[in-house]
Amino acid sequence: MSQMRWFSCGEDAVPPGEAWLVARERERLARMRFTKRRSEYLLRRCAGKRAIAAALDLAPEAATLGRIAMLNAPGGAPYAEVDGAPAGFDVSLTDRAGQAVALLGEPGSMPSGSLGIDLEIVETRSAGFVADFLTPPEQQWVYAERERAGVDGWDAAANLIWSAKEAALKVLRVGLRADTRSVVVSVHPVDREDGWGRLAIAAAGGATFPGWWRRDGAFLLTMATRLPVDPPGLLPGSADLAGAVPVHSWLANPLHH
Ligand SMILES: CC(C)(COP(=O)(O)OP(=O)(O)OC[C@H]1O[C@@H](n2cnc3c(N)ncnc32)[C@H](O)[C@@H]1OP(=O)(O)O)[C@@H](O)C(=O)NCCC(=O)NCCS
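Computed from a prediction, not measured in an experiment: that's the story for all the values here. For every chain, the first residue of its written sequence is number 1, and the numbers climb from 1 along that sequence. Restriction of local features to residues with pLDDT of at least 70 applies here, the model being predicted, together with a cutoff of 80 or more for giving and counting side-chain atom pairs; totals for whole chains, interfaces and linings are based on all residues.

With that settled, consider the overall build of the chain. In terms of helices and strands, the chain carries five helices and twelve strands. Taking 18 Å as the expected radius of gyration for a compact globule of 257 residues, we find that the chain reaches 18 Å, a close match to that expectation. Seen through its principal axes, the chain has C-alpha atoms that stretch 50 × 45 × 35 Å. With C-beta atoms placed from the backbone, a residue counts as buried when 20 or more other C-beta atoms lie within 10 Å of its own, as exposed when 12 or fewer do, and as partly exposed for counts between those limits. Residue burial in the chain is summarised as follows: out of 257 residues, 39% are buried. Pairs at least 24 residues apart make up 63% of the contacts formed inside the chain by residues separated by at least 6 positions. Secondary structure is summarised from DSSP: a helix means a run of H or I of at least four residues, a strand means a run of E of at least two, and numbering begins at the N terminus for each. Radius of gyration: over C-alpha atoms. The globule rule applied is 2.2 Å multiplied by the number of residues raised to the 0.38 power. Each residue gets a C-beta atom placed from its backbone, and two residues are in contact if those atoms lie within 7 Å.

Now the structure itself:
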């Protein structure tokens, strides 16, 4: 079995009410005014809690999810508790356009803080975006992908590089406080039946993080790890990302009342 497992869910899986949150999660939610931030926070909690429930073979009912907490260290990095004690799993969370993904590191399989995951959609990216946020070798690859696969190739490549940078910056625990050009992504084509392709991210100071990526329909998923590991297995009960339609439901009601 891989040392990592992943789980995806959509907004339809988020339980109503707040009984499935622990007090500290409810406190953080109470400070958020904007519907987008609130719904994304809840969606990420839902993915993380359901992932741990699935890994522990627990039914994902609200009372069970309420025993699992997705909390944040001061810099923002997530960690999980079950019944108020460390869950043992390493965890990374991401969401985009109505879908969230949680990545779990199996207890004891890696030092804590060794993984990062990021979800993006294949969306239009301008030449300015590529010039401003990507490094010269990354820009070259995006231009080559446009030669090879047209506009979709350009957009997929630009978003994939961006996503892998975010995954690596989560491993480094710095997030977007860092310059996106401080890490350099190289992408290998998918050559496995399970849909995962390799990538590598070179960070300042000579460290290189291995990682994996996949394209599922409109979505791109990337992950980075400190040490080489097999791609994650899919946890039972996960949604099918390939069939998911990106949604922006918060636009109907941008302020929380
Ligand atoms: C990490 C970051 C790049 C992710 O942004 P994003 O791609 O828009 O959002 P994603 O949905 O992919 O990821 C969000 C999750 O990243 C995780 N995360 C946040 N900061 C992190 C960090 N420093 N290291 C690792 N993971 C982090 C959290 O789990 C967060 O979800 P949560 O707050 O609900 O737990 C961004 O949040 C960031 O730059 N954070 C650092 C600066 C900042 O604004 N901090 C404020 C919190 S103290």
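Let us keep going from here.
Glancing now at the domain arrangement of the chain. Here the chain is described as being made up of domain 1 (1-112) and domain 2 (114-237). Between domain 1 and domain 2, the C-alpha centre-to-centre distance is 23 Å. If you look at the interface, domain 1 gives 28 residues, while domain 2 gives 24 residues. Per element, the largest residue contribution to the side of domain 1 that touches domain 2 is five residues, and it comes from strand 5 (residues 90-96). Across the side of domain 1 that touches domain 2, the residue classes break down as 14 nonpolar, nine polar and five charged. Note that the domain bounds reflect an automated or database-derived domain assignment. Polarity classes work like this: nonpolar for Ala, Val, Leu, Ile, Met, Phe, Trp, Tyr, Cys and Pro, charged for Asp, Glu, Lys and Arg, and polar for all others, with Gly in that last group.

Both strand 9 (residues 197-203) and strand 10 (residues 208-216) contribute to a ladder of six bridges, which runs antiparallel. Bridged to Ala202 within strand 10 is Thr208. Pairing between strands is defined by DSSP: at least two bridges between the two strands are required. What sits between strand 9 and strand 10 in their antiparallel hairpin is a turn of four residues, with Gly205 showing a positive phi close to 90 degrees. Two elements, strand 10 and strand 11 (residues 219-225), share six bridges in a ladder whose sense is antiparallel. Bridge pairing links Gly211 to Ala224 in strand 11. The hairpin formed by strand 10 and strand 11 contains two residues between the paired strands, and Gly217 there has a positive phi angle of roughly 60 degrees.

The terminal C-alpha atoms of helix 2 (residues 35-55) lie 30 Å apart, and with 21 residues this matches the ideal 30 Å at 1.5 Å per residue to within 8%. Where helix 2 terminates, the next one or two residues include Asp57, which has phi positive at roughly 65 degrees. The span you would expect from a helix comes to 1.5 Å times its residue count less one.

Below, the discussion takes up the nonpolar core. Formed by 64 residues in total, the largest nonpolar core has its most connected members in Ala47, Val101, Ala102, Leu103, Ile161, Ala164 and Ala168. Ranked by the residues each element gives to this core, the list is headed by helix 5 (residues 136-171), at 13 residues. Residues lining this core come from more than one domain, with at least three contributed by each of domain 1 (1-112) and domain 2 (114-237). In contact with Ala102, not counting residues within four places along its chain, are Trp6, Phe7, Ala47, Gly48, Ala51, Val91 and Leu93. Among buried residues, those of type Ala, Val, Leu, Ile, Met, Phe, Trp, Tyr and Cys that are joined through C-beta atoms within 7 Å form a set called a nonpolar core.

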